[in-house]
Amino acid sequence: MSAEPLGRAQSGASDAELVRAIASGSELAFAELRERYGSAVARVCRAVAGREAEDCEQEVFARIWSKAALFDPARGSPAAWLLTLARRAALNARARGRPPLPFADPPRDTAETAELESFWLDAALARLPERERTVVELAYYQDLSETAIATRLRVPVGSVKSWKRRGLIRLASLLGEDSP
């Protein structure tokens, strides 16, 4: 077992510090990052992958563990990187399109939980400034690249990147997640 680079001080560590520690093999840092972003990753996977959400979540965190060394803070925040991994994994899971399981009716509490989470996400999105909300919705609901969003909105790609990052940080804050 490798030495834990962050020791017990992780809860005060930034997301970037956690990702660097994960790249060095810190299981404690990985557990902390999973604690911070587990529910956000679950929401993305449920929204995009549907029935494949659980497999999607596992795939996202497996990728984080194996690809943490590839994270480049110059390209964006750890939260944006992580949620982009989640979206891509969810799209891959949805594309695999396993045949549906033979359920007579979906469990009632699951539908109510998804409806409640959708309500909170919609409420948080509504509180974002219009530019940030538009960019986040285009990126995560319509699966557009930053370049495609910039073309559609007729703005520079750098503006789209800034609005997306700020929007994700505000969303995380509004939904009670730790922001980067």
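Novice: Go over the pattern of salt bridges with me, naming the residues and quoting the values.
Specialist: Inspection of every chain in the model, using the stated rule, returns 7 salt bridges. Here Arg 36 ties to Asp 15 by a salt bridge, and the two come within 2.6 Å at their closest N and O atoms. Taken as a pair, Arg 36 in helix H2 (residues 27-49) and Asp 15 in helix H1 (residues 15-23) lie far apart in primary sequence, 21 residues in all. On the basis of relative accessible area, Arg 36 is assigned to the buried category, the value being 7%. For Arg 36, the salt bridge identified is with Glu 32, shortest N-O distance 3.1 Å. Linking Arg 36 with Glu 32, this pair stays in helix H2, spanning 4 residues, or about one helical turn. One salt-bridge network, held together by shared partners, links Asp 15, Glu 32 and Arg 36.

Novice: Which residues make up the packing of helix H6 (residues 130-140) against helix H8 (residues 157-174), and what values go with them?
Specialist: Packing of H6 against H8 leaves a shortest axis separation of 8 Å and a crossing angle of 95°. In terms of axis orientation, H6 runs roughly perpendicular to H8. For the pair formed by H6 and H8, the contact residues are Arg 131, Glu 132, Val 135, Val 136, Ala 139 and Tyr 140 on the first element and Val 160, Trp 163, Lys 164, Arg 166, Gly 167, Leu 168, Arg 170 and Leu 171 on the second. Residue classes in the contact of H6 with H8 are distributed as 8 nonpolar, 1 polar and 5 charged.

Novice: Hey, could you go over the environment of Ala 89 for me, with residue numbers and the actual values?
Specialist: Mapped onto the secondary structure, Ala 89 falls in helix H4 (residues 78-96). Separated by 32 residues in the primary sequence, Ala 89 and Glu 57 have C-alpha atoms spaced 8.1 Å apart. Each residue touching Ala 89, except ones within four places of it in the same chain, is listed here: Cys 56, Glu 59, Val 60 and Arg 63.

Novice: How would you explain the nonpolar core if you had to name every residue and give the values?
Specialist: Counting 48 residues, the largest nonpolar core has Leu 33, Cys 56, Val 60 and Ile 64 as the members making the most contacts within it. A per-element tally of this core places H4 first, with 11 residues. Apart from residues no more than four positions distant in its own chain, Cys 56 is found in contact with Cys 45, Ala 49, Ala 86, Ala 89, Ala 90 and Ala 93.

Novice: Describe in detail helix H3 (residues 53-67), supporting the description with residues and values.
Specialist: It helps to recall that an α-helix has 3.6 residues per turn; residues three or four apart then point in one direction. The terminal C-alpha atoms of H3 lie 20 Å apart, and with 15 residues this matches the ideal 21 Å at 1.5 Å per residue to within 8%. Burial in H3 covers these residues: Ala 53, Cys 56, Glu 57, Glu 59, Val 60, Phe 61, Arg 63 and Ile 64. Those residues of H3 that are buried are in contact with H1, H2 and H4.

Novice: Describe the packing of H1 against H2, listing the residues and the values that go with them.
Specialist: Following both chains from N to C, one finds H1 and H2 inclined at 135°, their axes separated by 8 Å at the closest point. Overall, the two elements H1 and H2 adopt an arrangement that is oblique. Considering how the two elements wind past one another, H1 and H2 form a crossing that is left-handed. In this structure, H1 uses Asp 15, Leu 18, Val 19, Ala 21 and Ile 22 to contact H2, whose residues at the interface are Ala 29, Phe 30, Glu 32, Leu 33, Arg 36 and Tyr 37. Its residues assigned to classes, the contact of H1 with H2 shows 8 nonpolar, no polar and 3 charged.

Novice: Describe the confidence of the model for the protein chain, with residues and values.
Specialist: Per-chain confidence: the protein chain averages 80 in pLDDT, with 81% of residues scoring 70 or above. For the protein chain, helix H5 (residues 108-126) is the element with the lowest average pLDDT, namely 69, and helix H7 (residues 146-153) is the one with the highest, namely 94.

Novice: Residues and numbers for the state of the cysteines, please.
Specialist: Linking two cysteines covalently through their sulfur atoms gives a disulfide. Counted by the stated rule, this structure contains 1 disulfide. Here Cys 45 connects covalently by a disulfide to Cys 56, the sulfurs 2.2 Å from one another. What sets the handedness of the Cys 45 and Cys 56 disulfide is the S-S torsion sign, and at about -60° it is left-handed. Of the two residues, Cys 45 is situated in helix H2 and Cys 56 in helix H3; the sequence distance between them amounts to 11 residues. Taken individually, Cys 45 and Cys 56 each receive the classification buried, so the pair is uniform in this respect.

Criteria and thresholds
- Residues numbered from 1 in each chain as written.
- Predicted model: local features only at pLDDT ≥ 70, side-chain atom pairs only at ≥ 80, totals over all residues.
- Heavy atoms only, no water.
- Salt bridge = Lys/Arg side-chain N within 4 Å of Asp/Glu carboxyl O.
- Helix = DSSP H or I, 4+ residues; strand = E, 2+ residues; numbered from the N terminus.
- Buried < 20%, exposed > 50% of the residue type's maximum accessible area, 1.4 Å probe, protein only.
- Axes fitted to C-alpha atoms, helices over the stretch in contact; angles between N-to-C directions.
- Parallel < 35°, antiparallel > 145°, perpendicular 65-115°, else oblique.
- Contact = heavy atoms within 4.5 Å.
- Nonpolar A, V, L, I, M, F, W, Y, C, P; charged D, E, K, R; others polar.
- Core = buried A, V, L, I, M, F, W, Y, C linked by side-chain atoms within 4.5 Å.
- Expected span 1.5 Å × (residues − 1).
- Left-handed = near helix turned anticlockwise from the far one by under 90°.
- pLDDT = per-residue confidence, 0-100.
- Disulfide = S-S within 2.5 Å.

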